[in-house]
Amino acid sequence: MYTNLAIPRQWSRLACFCRSLTSVEGQKLPQAGKSSDGISPPPRIPRGPTDILQALAATVGTDPTAAHYKYHDDPYLIPLSNFRKRSYALSAEAGKKAAAWVRDQHPELFTTREWDPPMKMKTPYFNADPHIEAFAPKPIYNDETKVTEEDLVYTIKNALLEDAVKVFELLGGVDNVNEELKLYFLQLICFYNEKEPVSNEWIEERWFSTATKERQATTWKLGGLADKIFTSMDPKTPEAYCSLIKGMAKYYQAERAYALSREALENNVPLSTDVYNSLLVCIGFLKEGVTLRIEALLELLNEMNQQGITPNTGTLTSCLRSLSAWGGGKTLQNMALQIIAEFKNIGIEPNLSAYYYLLCLFCKERGPRIDILSGILTELEKKDTLEPEDVADTSFFITAMSVCSEHLQDMNLAERVHKLLMKGDNYKLVGDAYKESIYYRHLVTVACRHAPFERTMELLDTLIPNIYVPEPTVMEEIIKVLELGGAGERLSETWSQLVVFGHARRLRLVERLLDAMCACISYQDEEVKSKIRKSAADMLKFYQMVEERNENVTTRTPVQKLSAVALSNIIDLCSTGEEPESWEAIQLAVNELGSASGAGRADVISTVATTAAKKGQHALAASALTYLAECGFPEAMSASVDTLSVMLNRSTEEVETMLQGTDLQGKLQESAMAVVQAYRMAKTGEPLRERDSSESSSDSESSSDEE
Amino acid sequence: MSLFIRNYKPGSVYNAQIIWRYHSNKVDMAKKEEEEEFRVLDILKTRTRLQKKVARRTDIQPDRSEKMKTDQNWGNVWPGPRSFHPSSVPLPMRQGYVPKGQAPPGKKANAELMKVPNFLHLTPPVIKMQCEAIKKFCTPWPELLNNEEAIEKNYPVEIITSDYCHASPTIRNPLSRIATLRIKLSDLKLDKHARDKFLRLVGDKYNESTDLVTITADRCPIRKQNLDYVNYLLTACYYESWNVEDWEKDKTLEDMEYYDFDQNPSKANLVSWFMRVSKKGDLSDEEIKVFDINNIPHGPEYKKAVSDLFNNSESDQTLQDYDAAVRKLLGLPEKKVAQ
């Protein structure tokens, strides 16, 4: 097909013509390292297979308007609340899992390799599609499977724990497997404590699995497979001892681990540094009381010295981990500083986890303020990259930020921590979704409380909503800041944010927002004012809709209704404008007032009654005044007089004298009559009897009006 | 967010839903009554499934292009090749065929814009930045190779391969394995025999008009293998052409691939004719072979004309040349052109 094809230009999109440097007769390959003679090319600059890709990737920064790239970039599919973020990412991964399941259940369907790319002419001898191990079906082991030792090696290498156990059993258990393989298998089950780990393949599952503080409980399986294998091993190698002790210590079987280490020492079995590191962590479970524990710690360190074992960074981290777990206090803090100084003497620098434990030890809640964080940051800022070494490394940034926000309350330090996290590749140390969200919660809180307004706004704009969705408490802080900064436009946008983040049904937040809006609206531009009015009216509609839905569908947690104060706030906000929409909203709100909990703001309602009367909306004014009177506000009387004077276009004195008269029936319009009723109700506090009569009279009156 | 509020009419859609549902239920009931004569006792109380209410999304955010700052870094927004998406591109794009006088459709829900490949990820600043980023892997160009001639002189072998870039799930293209090698024949050190043999070996891979030998290989699955193969072919042909086999001596006049005047009877005829005319006596075959044509007046012209006639086939031109050469040789007057 291609033999007559000198240059397949007709197909090529990007044809690359390159002159070859290969050696033909009379021509020499350019010698690497030889200086350029002007003709032969200079020696190639060495680079890895992905170096160019990484260099190109480094040119791309973050885009605050875009969601994380794991989500679809489409307004309908960008998740904006924490719940959605989680469910979208996990759904995508569930799909992958389903596919993997089908693949593993039917491996016979995946033995052939696809033509790549699919072409009309298929040449049987050619296929450029490489075989990718990760996409191939995983072997399934069950009771019928015929297994060999190679299968055991394969499962151990790929950390397929359950499969490894199965294969081990099929091979005949402890008696029929050779010593070397037994050791590897022992190491595997000691590391994972016979529990299948979440595969590295499921990134999202690991990211969203809420790994709150690990329970410090003895989870080691006593008399389990590990113990059985260990007893069957003969001779017991140092590696076997080490892995079993480390496994026991890791899963808090402290006594057994310690006893085993004594046994090893008696039998002259050399132990490794890692074993001592794990034993150092266990001290707290063996001894009670700070003094005894410190003694035991020093004793272990001395023992290491006697055995001629060199400590490493892990030793320092384990010491500090133990110290921080034993509470606070001067003794422990001094001890920690002493240990760090001594390790520095032998050239061991503390890593991130060590700093994390230091922060835990020094910055206690309600403890005295100790600023060791700035020193730690200065140390860390000197390093080019931070390499993860320990599981606790991922807890450093979240703890540092919480220290900034709660312990030191220092925005500058918080910014330094954030800058360090954003530097280079350090963001990998943020941990998981839970830790990330707590980190940002602290950052936003400290910014709201202690940073200048502009800086806070800048931070919020970059973080929200794509990187971080604020929780209700943080949202409240933000509203507070916006209120103090008088940012009316942002306040009006906050309502739609609340809807989008899924906080709109939290009444507390909405009421807080309304308060803030009321406090700010007086000095805003006309345009901003109308925006605020719109969002206030929208809140009212939203809650009405929710209520409607509540009636139709019985939900587990019915949403509360807006309180009277919130409603009067909405009335207050809307009454600043002239648009018919806002007056419709006022009408709605006044109608709602009667069934709302609490008492509304009388001043607002009386003002709105007068304004409504001025605008000719007499019915609205009347129902507002009726509400005031029913609630028994003292303002009701004066407000009724004012409103009547506007309605009837007379002075207040005239109205008052008129009200002294008894027989007003038939002389006034329906709404004016209602105002009169309200006035009387407020005056006497005796509404019921009059109400009945007034209704009947108003009926008759309206009919007489029509005549 | 402002757009969201503008477009957000609570209640209206919801109410329509209820009315529609009510209506559809009613139609269903009416149908049942028509078709069924007897009511069936519903013991299990199987509830007909209610129309599931379509959850109304209240939280559709406005396009993110509206939130973009005017001084943003576009490379961060659109870092790689992607099909067009209206909500991420802050440009008032229009495309599509419409009757004359109408504006083409806008960017939203416009399949025309999605169909064409776009180069939004390769804006000039981005290209500049990427070039800067990979500059550290580049070495300077050899300064003496500053023109085409120098390049051709120092690197006579030309290798042509093609890379393909297309919008398909795979990044591979079988055509990219094909490797082509080109070299000018004059750049190879060959003598007459070797050149002849080389040309016989490469066959139609030699282009006489450009003097280029082109060797293409596609038989191996990987480009590297094909490259090795074309190099091997060139090397093998080159050395093979320098070999002289024993049987090559058996080449007779009939085996000649071209007309060689010196070996053909024409020369013998010419020489013996010349000897007879000049009355110098006969020569033996050997003497005829070594006899220099240049001694004969107009001899070289005749040789050229005859060779041309045989090698370049008969044509008006060659025949005319032959005519003129023979007339000169024999001392005949020049041909009179017919009036």
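Residues numbered from 1 in each chain as written. Chains lettered and ligands numbered in written order. Predicted model: local features only at pLDDT ≥ 70, side-chain atom pairs only at ≥ 80, totals over all residues. Heavy atoms only, no water.

Engineer: It is not clear to me how the overall build of chain B should be interpreted in this structure. Could you clarify?
Structural biologist: The helix and strand tally for chain B stands at 12 helices and four strands. When the 339 residues of chain B are sorted by exposure, 32% land in the buried category. In chain B, the share of contacts with a sequence separation of at least 24, taken over all contacts with a separation of at least 6, comes to 52%. In the structure as shown, chain B presents an accessible area of about 23800 Å², 56% of it carried by carbon and sulfur atoms. (Helix = DSSP H or I, 4+ residues; strand = E, 2+ residues; numbered from the N terminus. Buried < 20%, exposed > 50% of the residue type's maximum accessible area, 1.4 Å probe, protein only. Contact = heavy atoms within 4.5 Å. Areas by Shrake-Rupley, 256 points an atom, 1.4 Å probe, with all protein chains shown as cover.)

Engineer: Explanation requested: the packing of aromatic side chains in the structure shown.
Structural biologist: Note on aromatic pairs: each is described by the distance of the centres and the angle between the planes. Within the structure shown, the criterion is met by 17 aromatic pairs over all chains. For the pair A:Phe168 and A:Phe185, a centre-to-centre distance of 4.3 Å together with 25° between the ring planes defines the contact as stacked. Taken together, the positions of A:Phe168 in helix 4 (residues 161–170) and A:Phe185 in helix 5 (residues 179–192) put the pair 17 residues apart, joining distant regions of the chain. Judged by its relative accessible area of 1%, A:Phe168 is buried. The exposure class of A:Phe185 is buried, given its relative accessible area of 0%. Measuring from ring centre to ring centre gives 6.4 Å for B:Phe274 and B:Phe291, while their planes differ by 55°; the resulting arrangement is tilted. Here the residue B:Phe274 occupies a position in helix 9 (residues 265–278), and B:Phe291 occupies one in the loop between helix 10 (285–290) and helix 11 (299–311), the gap between them amounting to 17 residues. Just as B:Phe274 is buried, B:Phe291 falls in that class too. Taken together, the ring pairs in this structure connect A:Tyr439, A:Tyr440 and A:Tyr468 into an aromatic cluster. Between A:Lys236 and the ring centre of A:Phe230, over which it is positioned, the NZ or CZ distance is 5.4 Å. Looking at A:Arg262, its charged tip hangs above the ring of A:Tyr258, at a distance of 4.5 Å from the centre. (Phe/Tyr/Trp six-rings, centres within 6.5 Å; stacked < 30°, edge-to-face > 60°. Lys NZ or Arg CZ within 6 Å of the ring centre and 35° of its normal.)

Engineer: Quick question: what am I supposed to make of the side chain of B:Asn110 here?
Structural biologist: All names here are of chain B. For Asn 110, the position within the fold is in the loop between helix 3 (74–77) and helix 4 (111–115). Polar side-chain contacts of Asn 110 include one of 3.4 Å to the backbone oxygen of Pro 105. Within polar-contact distance, the side chain of Asn 110 engages the backbone nitrogen of Glu 112 at 3.0 Å. Among residues more than four places away in sequence, those in contact with Asn 110 are Gln 95 and Pro 105. (Polar contact = N/O pair within 3.5 Å; in protein donor to acceptor, adjacent residues only side chain to side chain.)

Engineer: Is there a simple way to explain the pairing of strand 2 (residues 179–184) of chain B in this structure?
Structural biologist: Consecutive residues of a regular strand have side chains that alternate between opposite faces of the sheet. All names here are of chain B. Pairing geometry for strand 1 (residues 158–163) and strand 2, over three bridges, is antiparallel. If you follow Ile 160 over to strand 2, its bridge partner there is Thr 180. The pairing of strand 2 with strand 4 (residues 212–217) spans six bridges and is classified as antiparallel. Considered in strand 4, the bridge of Arg 182 is made with Thr 214. (Pairing = 2+ DSSP bridges.)

Engineer: Which parts of the structure should I look at to understand the pattern of salt bridges?
Structural biologist: Here the idea is simple: oppositely charged side chains can pair when their charged atoms come close. Across all of its chains, the model carries 40 salt bridges over all chains by this definition. For the salt bridge of A:Asp73 with B:Arg64, the shortest nitrogen-to-oxygen distance reads 2.8 Å. With A:Asp73 in the loop between helix 1 (51–57) and helix 2 (82–105) and B:Arg64 in the loop between helix 2 (12–35) and helix 3, this pair bridges two chains. A residue is classified by how much of its surface remains accessible, and A:Asp73, at 18% relative accessible area, is buried. Through salt bridges that share partners, A:Asp63, A:Asp73, B:Arg64 and B:Arg82 make up one connected network. (Salt bridge = Lys/Arg side-chain N within 4 Å of Asp/Glu carboxyl O.)

Engineer: I'm lost on the UniProt feature "domain: Small ribosomal subunit protein mS35 mitochondrial conserved" (unreviewed entry) in chain B in this one. Help?
Structural biologist: Under the UniProt annotation, the feature "domain: Small ribosomal subunit protein mS35 mitochondrial conserved" (unreviewed entry) is placed at residues 173–246 of chain B. Between the C-alpha atoms that bound residues 173–246 of chain B there is a distance of 47 Å. The span itself is 42% helix and 19% strand. (UniProt positions renumbered as here; feature names shortened; annotations may be inferred.)

Engineer: Help me understand unusual backbone geometry in this model?
Structural biologist: Peptide bonds are, in most cases, trans, and in most cases residues other than glycine have a negative phi. With an omega dihedral of 0°, the bond running from A:Ile464 to A:Pro465 counts as a cis peptide bond. The phi dihedral of A:Ala159 falls on the positive side, at around 55°, and the residue is not glycine. Mapping A:Ala159 onto the fold places it in the loop between helix 3 (149–157) and helix 4. Even without being glycine, B:Ser313 reaches a positive phi, approximately 65°. Here B:Ser313 is to be found in the loop between helix 11 and helix 12 (316–330). Classification of B:Ser313 by relative accessible area gives partly exposed; the value is 43%.

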